[in-house]
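Tertiary structure, described
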Amino acid sequence: MTDRVVTAFAPATVSNVACGFDVLGFALERPGDEVSARLAPWGVRGIRIDAITGDAGRLPRDASRNTAGVAAQALLTAIGERRGVALSIAKGLPLSSGLGGSAASAAAAVVAVDALFDAHAPIEMLVTAAFEGERLGAGSAHLDNIAPAICGGFVLVRHPNPPDIVRLPIPSGLTAVVVHPDLEIETAKARALLGTTVPLGDAIRQWANLGALVDGLHRSDFALIARALEDTIAEPRRAPLVPGLAAIKRAALDAGALGCSLSGSGPSLFALCRGTDVAARIVEAMVRAVKAHIGGEPQAYISSIAPQGARVVSCVS
Ligand code: HSE
């Protein structure tokens with residue numbers, strides 16, 4: 001155990017999924033973050049962060065201010081472990097991208113620590129510990145990135161704490177396209193735009209769409225999924241943060257997307273479609289539109305809805 005190094009990977013996640021603000025999310029195959037955990041030297045208590053790569057030096061090295069550090073500490077406390085842990089974090093996800101970067105770091109950290117101690121913590125405990133880290137990273141408490149980052153698949157968070165996570169079916173061929181414009185949006189700032197009240201008509205339309213999307217997933221009804229992929233609450237209020245949002249969405253739909261919206265709080269956008277051929281056409285159209293309206297070099301991904309979430313990828317003694 002003393003020399004063991006356990007590395008876990010957790011994937012990028014698309015949260016909200018248009019009509020499911022704060023309650024829906026799905027996992028991508030890649031990219032993602034990796035966190036390695038090993039026993040800290042004798043006498044070190046709690047979590048220490050030894051190294052972070054891929055963040056250009058921007059993330060806190062102080063474990064009490066780092067998403068992965070806070071999540072790992074919450075798990076140590078939950079499993080009653082008094083020995084200390086040293087973490088190394090490899091950020092594969094861009095910061096403030098809307099791809100669930102803080103959730104991925106938190107999820108990978110708890111899975112690595114759980115495996116280091118052979119704790120076999122129940123999934124609810126892993127989710128609750130990762131939630132503590134995400135709360136720090138996002139400045140608010142929601143599980144729509146954490147739940148798919150840990151569980152994989154397409155999930156509905158019925159209740160965040162204690163977690164009540166509903167796994168939704170994934171219709172065969174359902175494919176995600178994600179485009180990350182060369183922009184950063186802090187979740188806390190994007191949430192500040194939302195205010196605290198929602199007109200009743202917008203709420204009614206949102207929960208009608210959410211129910212329809214869940215039913216569409218259950219019955220592989222792609223036409224219903226397409227009609228349901230509409231956000232009446234967050235996206236309209238956040239649209240000013242992403243120049244050309246309407247045109248980028250139009251480009252995705254014209255290229256064959258079932259729907260397109262912000263991924264989480266943006267600036268990334270996701271589209272859902274049926275099959276990889278149409279996904280390739282959607283990526284091309286979205287990237288062209290993002291370059292025209294935002295500029296820079298967008299990153300683009302095509303992925304199935306990944307059935308597996310955070311997992312151990314290596315264990316070296
Ligand atoms: N549901 C959250 C939001 C996700 O849209 O603010 C951001 O991480």
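If you're wondering where the values come from, they're calculated on a predicted model, not measured in any experiment.

Conventions and cut-offs
- Residues numbered from 1 in each chain as written.
- Predicted model: local features only at pLDDT ≥ 70, side-chain atom pairs only at ≥ 80, totals over all residues.
- Heavy atoms only, no water.
- Domains from an automatic or database assignment.
- Contact = heavy atoms within 4.5 Å.
- Buried area = accessible area lost by both parts, 1.4 Å probe.
- Salt bridge = Lys/Arg side-chain N within 4 Å of Asp/Glu carboxyl O.
- Polar contact = N/O pair within 3.5 Å; in protein donor to acceptor, adjacent residues only side chain to side chain.
- Helix = DSSP H or I, 4+ residues; strand = E, 2+ residues; numbered from the N terminus.
- Near = heavy atom within 4 Å.
- Areas by Shrake-Rupley, 256 points an atom, 1.4 Å probe, with all protein chains shown as cover.
- Nonpolar A, V, L, I, M, F, W, Y, C, P; charged D, E, K, R; others polar.
- Phe/Tyr/Trp six-rings, centres within 6.5 Å; stacked < 30°, edge-to-face > 60°.
- Buried < 20%, exposed > 50% of the residue type's maximum accessible area, 1.4 Å probe, protein only.
- Axes fitted to C-alpha atoms, helices over the stretch in contact; angles between N-to-C directions.
- Parallel < 35°, antiparallel > 145°, perpendicular 65-115°, else oblique.
- Left-handed = near helix turned anticlockwise from the far one by under 90°.

**Some words on the domain arrangement of the protein chain**
Its domain assignment divides the protein chain into domain 1 (5–168 + 306–316) and domain 2 (174–304). Centre-to-centre, using C-alpha coordinates, domain 1 lies 24 Å away from domain 2. Residue-level contacts link 31 residues of domain 1 with 37 residues of domain 2. Roughly 2600 Å² is buried in total at the junction of domain 1 and domain 2, and carbon and sulfur atoms are behind 63% of that figure. In terms of surface lost to domain 2, no three residues of domain 1 exceed Ala-18, Cys-19 and Phe-21, which account for 24% of the buried area on that side. The tally of links from domain 1 across to domain 2 stands at 2 salt bridges. Ionic pairing is found between Arg-58 and Glu-184, a salt bridge with its closest N-O pair at 2.8 Å. The interface formed by domain 1 and domain 2 holds 12 residue pairs in polar contact (both at pLDDT 80 or more) in total. At the level of secondary structure, the elements contributing two or more residues to the side of domain 1 that touches domain 2 comprise β1 (5–15) and β2 (24–39).

**Some thoughts on the site of the ligand**
Within the structure, the ligand sits among Ser-15, Asn-16, Phe-21, Asp-22, His-142, Asp-144, Asn-145, Thr-187, Arg-191, Arg-238, Gly-264 and Ser-265. Within the side chain of Asp-144, a nitrogen or oxygen atom sits 2.7 Å from a nitrogen atom of the ligand. Arg-191 places a polar side-chain atom, nitrogen or oxygen, 2.6 Å from an oxygen atom of the ligand. Within the complex, 96% of the 260 Å² of free accessible area of the ligand lies under protein. By residue class, the composition of the shell around the ligand is 1 nonpolar, 7 polar and 4 charged.

**Brief notes about the packing of aromatic side chains**
Applying the stated rule across the entire model yields 2 aromatic pairs. Measuring from ring centre to ring centre gives 5.3 Å for Phe-26 and Phe-154, while their planes differ by 50°; the resulting arrangement is tilted. Of the two residues, Phe-26 sits in strand β2 while Phe-154 sits in strand β5 (residues 154–159), which places them 128 residues apart along the sequence. Like Phe-154, Phe-26 is buried. Between the aromatic rings of Phe-26 and Phe-270, the centroid separation amounts to 6.1 Å while the plane-to-plane angle is 80°, which identifies the pairing as edge-to-face. With a gap of 244 residues between them, Phe-26 in strand β2 and Phe-270 in strand β9 (residues 269–274) connect regions that are remote in the sequence. Across the pair, Phe-270 and Phe-26 agree in class, each one buried. An aromatic cluster is defined as three or more aromatic residues linked by ring pairs; in this entry it consists of Phe-26, Phe-154 and Phe-270.

**Quick look at the packing of helix α9 (residues 245–254) against helix α10 (residues 276–293)**
Contact pair α9 / α10: the axes reach a minimum separation of 8 Å and the direction vectors enclose 160°. Considering the angle they form, α9 stands roughly antiparallel to α10. The chirality of how α9 crosses α10 is right-handed. Within the contact between the two elements, α9 uses Ala-247, Ile-248, Ala-251 and Ala-252 and α10 uses Ile-282, Ala-285, Met-286, Ala-289, Val-290 and His-293. Each residue belonging to the contact of α9 with α10 can be placed in one class, and the counts come to 9 nonpolar, 1 polar and no charged.

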